[in-house]
Amino acid sequence: MKKVVKAIFIFPIRVYQYAISPLLGANCRFNPTCSAYTVEAIQEWGPLKGIWMGMKRFSKCHPWGGHGYDPVPKKGEEK
């Protein structure tokens, strides 16, 4: 059941990654990209916390925000 719930939240992100993102070009300031980060966060932490982590990450994506390598923290080493 948990896998189904996660898949429901990941599906729209995958649609964005494969259908919309290629049209916008490579503009991400972070590695992994914000969408990949959110998918990984959902898989690691579950839908609610994963989406929250993805929204926090996306909110940093502006000219005065951060950049570079920013991996999803694993359970037990949360930021």
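Here, residues in each chain are numbered from 1, in the same order as that chain's written sequence. Side-chain atom pairs in this predicted model are given and counted only at pLDDT of 80 or more, local residue features only at pLDDT of at least 70, and totals for whole chains, interfaces and linings cover all residues. To get the side-chain values, all heavy atoms of the structure are used, and hydrogens and water are removed first.

Going by the annotation in an unreviewed UniProt entry, the name recorded for the chain is Putative membrane protein insertion efficiency factor, with Roseivirga misakiensis given as the source organism. UniProt positions are given in the numbering used here, feature names are shortened, and annotations may be inferred rather than shown by experiment. UniProt, in its Function (unreviewed entry) section for the chain, records the words "Could be involved in insertion of integral membrane proteins into the membrane." What UniProt records for the chain under Sequence similarities (unreviewed entry) is the sentence "Belongs to the UPF0161 family."

A.B. asks: What am I meant to see in the overall build of the chain here?
C.D. replies: Only DSSP runs of H or I reaching four residues or more are called helices, and only runs of E reaching two or more are called strands; each is numbered from the N terminus. From N to C terminus, the chain includes three helices and two strands. Along the chain, from the amino end to the carboxyl end, the secondary structure elements read α-β-α-α-β. Atoms considered for the radius of gyration are the C-alpha atoms alone. The globule rule reads 2.2 Å times the number of residues to the power 0.38. Since a compact globule built from 79 residues should have a radius of gyration of about 12 Å, the 13 Å found for the chain is in line with a globular shape. Each residue is placed in one exposure class: buried if its accessible area under a 1.4 Å probe, protein chains only, is under 20% of its type's maximum, exposed if it is over 50%, and partly exposed if it falls in between. A burial count over the chain gives 29% of its 79 residues as buried. For the chain, the computed accessible surface area is about 5,700 Å², with 66% contributed by carbon and sulfur atoms. Lys and Arg are tallied as positive, Asp and Glu as negative. Neither His nor the chain termini are counted. The atom standing in for a charge is NZ when the residue is Lys, CZ when it is Arg, CG when it is Asp and CD when it is Glu. Positive and negative charge centroids in the chain, built from 12 and 5 side chains respectively, lie 5 Å apart. Accessible surface is estimated by sampling points in the Shrake-Rupley manner with a 1.4 Å probe; for residues, cover comes only from the protein chains shown.

A.B. asks: Help me understand the state of the cysteines in this model?
C.D. replies: Put plainly, a disulfide is one covalent bond tying together the sulfur atoms of two cysteines. Counting rule for disulfides: a pair of cysteine sulfur atoms within 2.5 Å. Under the defined criterion, the tally for this structure stands at zero disulfides. Of all cysteine sulfurs, the one in Cys28 lies closest to Cys34, which takes part in no disulfide; the gap is 4.3 Å. Here Cys34 falls in the buried class, since its relative accessible area comes to 9%.

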